Amino acid sequence: LILMGFMLADTTRGSSLRGTRIGLSFGAVFTIVLAFLVGLGITCLIGVNLSDFTLILVFIVIGIGVDDAIVVVDFLDPQPRSLTTEQRVAKAIGGAGPAVFLTSFTS
């Protein structure tokens, strides 16, 4: 984590992370890890035992989440910069929706 923080600070060199691919990437990965931790907490609260299957499932879920984030970023790049951020994201999600659904459903 310390190394990742150093790399992030070095590559941005004090500029804002908003609107950069690095900021978007870290935001996507952070969201996926946070969702996993919430899911793990809920499963522990309801008493699901950890087994080899549940531990392997962690890597599958994180892999699907990262793949979906890459698809959304690929649809975000060609959007015109003249649009507002909300419009660009809405168009990217609208375009990436079927691909995200298919990759998540078939994995």
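**Regarding the overall build of the protein**
Okay, step 1: Check the secondary structure of the protein and you find 4 helices and 0 strands.
Okay, step 2: In the protein, the order of α-helices and β-strands from amino to carboxyl end is α-α-α-α.
Okay, step 3: Burial analysis of the protein (107 residues in total) assigns 15% to the buried set.
Okay, step 4: In the protein, of all internal contacts separated by at least 6 residues, the share reaching a separation of at least 24 is 45%.
Okay, step 5: Summed over all atoms, the accessible surface of the protein reaches about 8000 Å², with 74% contributed by carbon and sulfur.

**A few points about the side chain of Q79**
Okay, step 1: For Q79, the location among the structural elements is in the loop between α3 (52–76) and α4 (85–106).
Okay, step 2: Look at Q79 and you get buried, because its relative accessible area is 14%.

**A few points about the confidence of the model for the protein**
The predicted coordinates should not be examined in detail at positions where pLDDT is low.
Okay, step 1: Here the protein shows a mean pLDDT of 78. Residues at 70 or above account for 78%.
Okay, step 2: Confidence scores differ between elements of the protein, with helix α1 (residues 2–12) showing the lowest mean pLDDT of 57 and α4 the highest of 86.

**Quick word on the environment of D67**
Okay, step 1: Relative to the helices and strands, D67 resides in helix α3.
Okay, step 2: For D67 and S104, which are 37 residues apart along the polypeptide, the C-alpha to C-alpha distance reads 8.9 Å.

**So, the packing of α3 against α4**
Okay, step 1: The N-to-C vectors of α3 and α4 enclose an angle of 140 degrees; their axes lie 8 Å apart at closest approach. In this view, α3 runs oblique relative to α4, as classed from their interaxial angle. Where α3 crosses over α4, the handedness of that crossing is right-handed. Residues I64, D67, D68, V71, V72, F75 and L76 of α3 form the contact with α4, whose participating residues are R88, V89, A92, I93, G95, A96, A99, V100, T103 and S104.

**Remarks on the packing of aromatic side chains**
Okay, step 1: Applying the stated criterion across every chain yields a total of 1 aromatic pair.
Okay, step 2: With a centroid separation of 5.5 Å and 10 degrees between ring planes, the pair formed by F101 and F105 is classed as stacked. One end of the pair is F101 and the other is F105, both in helix α4 and 4 residues apart, which spans about a single turn.

Cut-offs used in this document
Residues numbered from 1 in each chain as written. Predicted model: local features only at pLDDT ≥ 70, side-chain atom pairs only at ≥ 80, totals over all residues. Heavy atoms only, no water. Helix = DSSP H or I, 4+ residues; strand = E, 2+ residues; numbered from the N terminus. Buried < 20%, exposed > 50% of the residue type's maximum accessible area, 1.4 Å probe, protein only. Contact = heavy atoms within 4.5 Å. Areas by Shrake-Rupley, 256 points an atom, 1.4 Å probe, with all protein chains shown as cover. pLDDT = per-residue confidence, 0-100. Axes fitted to C-alpha atoms, helices over the stretch in contact; angles between N-to-C directions. Parallel < 35°, antiparallel > 145°, perpendicular 65-115°, else oblique. Left-handed = near helix turned anticlockwise from the far one by under 90°. Phe/Tyr/Trp six-rings, centres within 6.5 Å; stacked < 30°, edge-to-face > 60°.

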